[in-house]
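Report on the structure
The residues making up each chain are set out below.
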Amino acid sequence: MIDTGDTFPITDRLDFTLPADLEADRPAEARGLARDQVRLMVTNPLDDTLTHTQFRRLPDFLHPGDVLVINTSGTLPAALLAKRADGSTLELHLSTHLPGDLWTVEARSLSEKGSKPFFGIEPGETLTLPSGATATLHLPYLHAAGDDRPVRLWLAALNLPGDLLPYLTEHGFPIRYGYVRESWPLNAYQTVYATEAGSAEMPSAGRAFTPELITECVARGIQFAPLLLHTGVASLESHEPPYEEFFRVPTDSARLINDARAHGRRIIAVGTTAIRALETVTEPDGVVHAGEGWTNLVITPARGIWAIDGLLTGLHEPRASHLMMLEALVGRAHLTIAYTEALREHYLWHEFGDLHLLLGSV
């Protein structure tokens, strides 16, 4: 596990009111659009300029030689129905597969509006899963003894009748939250460049890419540097410390990024997960190393960003931990301008929503 040693701040994040009608409740394709027809807001903190366009125009804002860093982790059907000993039904979300064949998991109660965190689990409780499988929730995850705050994540052992991926393919379904009113198939939660399944939730900043758009980028001299970070369940709650996620930065990608920086070309991360993996193996002078392991890095304005010059990302909820990362890149003043504009122009939030390209640095 790699840790920067930073204190994890839970205060002073960008706060605003997100109207319910700006929460994207279905994929672009179900709204009559192609994947790459979602809206794109391009902003630059150097002069606070803002441009509104479609995502398929992305290459117009990039330069030959720019490097897009992409997370090739694929999304698992990581939600399972589970029964307690009293016969009540929960939804179990698999978050992160840890060494020793343990998992971090989240138990959620069911309602007409989706699911919500369930805080009634007892240590050592065993839940029954489909086809005779079980999950034993041993201990609260990263929760100190005597801490009386609600427990959302648990350290669990799964007992499955076979291998994980076939089991989840047969019995699991994609994690979704209350703002997504209908169920959508797993392919709605996959990027077109996913290569290795392992994320509980889609690294969603890359969802709007299509094979045709990637081809156009390559034809214009834009390069792609793949890496991997298997992301767990959604953004940290305000009281939670950061938890470990597995990452891998290949040698070829590190070499490509270092060469681009040495020649003055821009490094643009596609998604906050790509930044988290990349920053874990980057020195303060911007030199990137290949590596793999576990990271609990949280990027804050105090820590700063060392590896990238820009970020393509979705729009994040009020006070979300990801907003600290955006602020580290462009500053609070510009971030406030950009989010005020996104709200005024009715951009859509969440994994099926619109996108934001932040270029330049403070």
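Residues numbered from 1 in each chain as written. Predicted model: local features only at pLDDT ≥ 70, side-chain atom pairs only at ≥ 80, totals over all residues. Heavy atoms only, no water.

1. Comments concerning the overall build of the protein chain
Of the regular secondary structure elements, the protein chain holds 6 helices and 18 strands. By the compact-globule yardstick of 21 Å for 362 residues, the protein chain fits well, its C-alpha radius of gyration being 20 Å. Once the C-alpha set of the protein chain is aligned to its principal axes, its extents read approximately 60 × 45 × 40 Å. Evaluated residue by residue, the protein chain yields a buried proportion of 55% over its 362 residues. For the protein chain, restricting intrachain contacts to residue pairs at least 6 apart in sequence, the fraction spanning at least 24 positions comes to 71%. Total accessible area on the protein chain is roughly 15200 Å²; 53% of this is exposed by carbon and sulfur atoms. Counting 28 positive and 46 negative side-chain charges, the protein chain places the centres of these two groups 4 Å from one another. (Helix = DSSP H or I, 4+ residues; strand = E, 2+ residues; numbered from the N terminus. Rg over C-alpha atoms; globule rule 2.2 N^0.38 Å. Buried < 20%, exposed > 50% of the residue type's maximum accessible area, 1.4 Å probe, protein only. Contact = heavy atoms within 4.5 Å. Areas by Shrake-Rupley, 256 points an atom, 1.4 Å probe, with all protein chains shown as cover. Lys, Arg positive; Asp, Glu negative; His and termini not counted. Charge placed at Lys NZ, Arg CZ, Asp CG, Glu CD.)

2. Structural notes on the confidence of the model for the protein chain
For the protein chain, per-residue confidence averages 91 on the pLDDT scale, and residues scoring 70 or more make up 92% of the total. Here residues 1-11 is modelled with pLDDT under 50, and outside its nearest four sequence neighbours on either side it reaches 27 contacts, counting other chains as well. (pLDDT = per-residue confidence, 0-100.)

3. Remarks on the packing of aromatic side chains
Summed over the entire model, instances satisfying the criterion amount to 9 aromatic pairs. With a centroid separation of 5.5 Å and an interplanar angle of 50°, the aromatic rings of Phe-16 and Tyr-339 are classed as tilted. Here Phe-16, found in the segment before strand E1 (39-44), pairs with Tyr-339, found in helix H6 (residues 332-344); they are 323 residues apart in sequence, far enough to count as distant. What makes Phe-16 buried here is its relative accessible area of 15%. Residue classification places Tyr-339 among the buried positions, given a relative accessible area of 2%. (Phe/Tyr/Trp six-rings, centres within 6.5 Å; stacked < 30°, edge-to-face > 60°.)

4. Side note on the side chain of Thr-273
Summarising the element assignment, Thr-273 is placed in helix H4 (residues 272-280). Judged by relative accessible area, which is 12%, Thr-273 ranks as buried. When near neighbours in sequence (up to four residues on either side) are disregarded, Thr-273 contacts Asn-71, Pro-203, Leu-229 and Thr-231.

5. As for the sheet that holds strand E17 (residues 310-313)
Reading across from one edge, E2-E1-E18-E17-E15-E3-E13-E14-E16 is the order of the 9 strands in this open sheet, with mixed pairing throughout. The outermost strands of the open sheet, each flanked by one partner alone, are strand E2 (49-54) and strand E16 (291-295). Between one strand and the next, the sheet's axes are offset by a mean angle of 20°, whatever the strand orientation. Both E1 and E2 contribute to a ladder of 6 bridges, which runs antiparallel. Bridged to Met-41 within E2 is His-52. Contacting strand E3 (67-71), strand E13 (223-229), strand E14 (245-249), strand E15 (267-270), E16 and E17, H4 runs over the sheet at an angle of about 85° to E13. Taken strand by strand, helix H5 (residues 322-330) contacts E17 and strand E18 (355-359), and its axis lies near 150° from that of E17. (Pairing = 2+ DSSP bridges. Axes fitted to C-alpha atoms, helices over the stretch in contact; angles between N-to-C directions.)

6. Comments concerning unusual backbone geometry
The general pattern is negative phi for most residues beyond glycine and trans for most peptide bonds. Phi is positive for Asp-101, which is not a glycine, with a value near 60°. Following the sequence through the fold, Asp-101 ends up in the loop between strand E6 (89-98) and strand E7 (102-111). For Arg-319, which is not a glycine, the phi torsion comes out positive at approximately 65°. Inspection of the secondary structure puts Arg-319 in the loop between E17 and H5. Classification of Arg-319 as partly exposed rests on a relative accessible area of 34%.

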